[in-house]
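Structural features, examined
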Amino acid sequence: MFESIRNLKPYERRFFILMIISSITNSFPILTFLVTQYQPPFRCQRNNSTLATTKGTSIGAASSLHNSTTGNNFTSVQVIVETCHISLHNFNESVSNSSGANLEEKLPCESFQYDLISNENSALTEFNLVCEDAWVNDLAISLFMWAITIGGVCGGILSDRFGRKAIFLASTYIQFFLTFTVGFATDKVSYLVLAFLNGGSNMINYGAAAVLGFETLPKYSHNAFYYGLILMYAIGNMIVPGIAYYLRDWRWFCRAMGILGLFYIPYLWLIDESPSWLFASKKTEELGKLIQKNQQV
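Residues numbered from 1 in each chain as written. Predicted model: local features only at pLDDT ≥ 70, side-chain atom pairs only at ≥ 80, totals over all residues. Heavy atoms only, no water.

Some remarks on the packing of helix H8 (residues 164–182) against helix H10 (residues 204–216)
For the pair H8 and H10, interaxial distance at closest approach is 8 Å and the crossing angle is 155 degrees. As the angle between them shows, H8 and H10 are arranged roughly antiparallel. In this structure, H8 meets H10 at a crossing whose hand is left-handed. From H8, Arg 164, Lys 165, Ile 167, Phe 168, Ser 171, Thr 172 and Gln 175 reach across to H10, where they touch Ile 204, Asn 205, Ala 208, Ala 209, Val 211, Leu 212 and Glu 215. The residue makeup of the contact of H8 with H10, split by class, is seven nonpolar, four polar and three charged. (Axes fitted to C-alpha atoms, helices over the stretch in contact; angles between N-to-C directions. Helix = DSSP H or I, 4+ residues; strand = E, 2+ residues; numbered from the N terminus. Parallel < 35°, antiparallel > 145°, perpendicular 65-115°, else oblique. Left-handed = near helix turned anticlockwise from the far one by under 90°. Contact = heavy atoms within 4.5 Å. Nonpolar A, V, L, I, M, F, W, Y, C, P; charged D, E, K, R; others polar.)

Describing the side chain of His 222
For His 222, the position within the fold is in helix H11 (residues 222–246). Of the polar contacts made by the side chain of His 222, one reaches the backbone oxygen of Pro 218; its length is 3.5 Å. The contact partners of His 222, leaving out residues within four places of it in the chain, are Phe 214 and Leu 217. (Polar contact = N/O pair within 3.5 Å; in protein donor to acceptor, adjacent residues only side chain to side chain.)

Section: the confidence of the model for the protein chain
Atom-level detail of predicted coordinates should not be read off regions where pLDDT is low. Mean pLDDT over the protein chain works out to 82, with 80% of the residues at or above the 70 mark. In the predicted structure, residues 49–71 sits below a pLDDT of 50 and forms 53 contacts with residues beyond four places in sequence or in another chain. (pLDDT = per-residue confidence, 0-100.)

So, the side chain of Arg 251
Residue position: Arg 251 is located in helix H12 (residues 250–259). For Arg 251, the residues in contact, after removing those within four places along its chain, are Glu 126, Phe 127, Gly 183, Phe 184 and Ala 185.

What about the packing of helix H7 (residues 135–162) against H8?
Two quantities define a packed helix pair, namely the angle between the axes and the distance from one axis to the other. Where H7 contacts H8, the axes come no closer than 7 Å and their chain directions differ by 130 degrees. In terms of orientation, H7 and H8 fall into the oblique class. On the side of H7, the interface is formed by Gly 155, Leu 158, Ser 159, Asp 160 and Phe 162, while H8 contributes Arg 164, Ala 166 and Ile 167. By residue class, the composition of the contact of H7 with H8 is four nonpolar, two polar and two charged.

Some points on the packing of aromatic side chains
Here the structure, examined in full by the defined rule, presents 16 aromatic pairs. A ring pair is formed by Phe 180 and Phe 184, whose centres lie 5.3 Å apart and whose planes are at 50 degrees; its orientation type is tilted. You can call Phe 184 partly exposed: its relative accessible area is 44%. Note on Phe 214 and Tyr 226: the rings are 6.2 Å apart at their centroids and 35 degrees apart in plane angle, and the pair reads as tilted. Placement of Phe 214 in helix H10 and of Tyr 226 in helix H11 is noted, with a sequence separation of 12 residues between them. Among the aromatic side chains, those forming a connected cluster through ring pairs are Phe 16, Phe 214, Phe 225 and Tyr 226. (Phe/Tyr/Trp six-rings, centres within 6.5 Å; stacked < 30°, edge-to-face > 60°. Buried < 20%, exposed > 50% of the residue type's maximum accessible area, 1.4 Å probe, protein only.)

Focus: the nonpolar core
By size, the foremost hydrophobic cluster in this structure holds 31 residues, and its most contacted members are Phe 127, Tyr 191 and Trp 250. Counting residues per element, this core draws most heavily on H7, at five residues. Ignoring anything within four residues of it in the chain, the contact list for Tyr 191 reads Phe 33, Thr 36, Gln 37, Ala 123, Phe 127, Leu 129, Val 136, Ala 140 and Ala 185. Membership of the second largest hydrophobic core comes to 24 residues, among which are Phe 15, Ile 24, Phe 176 and Leu 212. (Core = buried A, V, L, I, M, F, W, Y, C linked by side-chain atoms within 4.5 Å.)

Structural notes on the environment of Tyr 38
Relative to the helices and strands, Tyr 38 resides in the loop between helix H4 (33–36) and strand E1 (42–46). Tyr 38 gets classed as partly exposed once you look at its relative accessible area, which sits at 33%. Sequence separation between Tyr 38 and Ser 122 is 84 residues, and the spatial gap between their C-alpha atoms is 5.9 Å. Apart from residues lying up to four places away in sequence, Tyr 38 is in contact with Phe 33, Leu 116, Glu 120, Ser 122, Leu 124 and Thr 125.

Some thoughts on the pattern of salt bridges
Working definition: two side chains of opposite charge can pair if their charged atoms are close together. Scanning the entire structure with this criterion turns up six salt bridges. Among the ionic pairs, Arg 164 bridges to Glu 215, the shortest N-O distance being 3.0 Å. Residue Arg 164 is found in helix H8, and its partner Glu 215 is found in helix H10; the two are separated by 51 residues along the sequence. You can call Arg 164 buried: its relative accessible area is 10%. Glu 285 is paired through a salt bridge with Lys 289; the nearest N and O atoms lie 3.8 Å apart. Of this pair, Glu 285 and Lys 289 both sit in helix H15 (residues 284–296), separated by four residues, roughly a single helical turn. Residue Lys 289 is classed as exposed on the basis of its relative accessible area of 54%. (Salt bridge = Lys/Arg side-chain N within 4 Å of Asp/Glu carboxyl O.)

The structure is reproduced here in structure tokens:
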């Protein structure tokens, strides 16, 4: 593999390095869900009473919670804390039977309290995407993946029509812009819409980069080139947790991910169009300039 890289011409070697580096950030959009959907331990709140949502049983007076739900007097209240609701078992021992009167009520949580450290939050905690709204988390990822599928189908058609370089750069800039805008979601609906849009360009640039490399580099270096793309993708997977460790606010995390797109602006001048696409599109003048540039570098 390293032998094939050494055999590349200076222009081809520079192109090789630039294109595999571009793969580092391809995993960033999908990994943002690890931050936006981070679920810390949380507690159910109702009528100023805080009860852990962890399954368990407790016996207590719970008078403020009990009195707001029923007008009867009970000598004891058994509070059974389920995942997303509170079960009250009220025992009236004044009734003449062996077990007493047992009335069961299931109360929904009115709000949630999350165990978060300073400056830490997520879209899940901000929009309360737990319990009855937990489906939003799965739907957001599904919409993202559906958009990737749609983008994958359209990406090949667009790159054939407008060129490998044009689609690679356009989809890259759109990807970073949409990742940036996720940080401005105002509710769960806008969050879902932005999650879907963010997935549309996610794999277009990856596919366009691979095709652009295959059509620019000599055949003997194709395996090394694709290995480099995958390797840089994996390195990107390791970089995201480090960024998330220091940026624990999900909005600023998404914005920081989007700002990284500024590093790709120089690619407008650093890389060239695919010579195979130029030849197929009968752009002979541009192809001639590219061949001359390759020979001079």
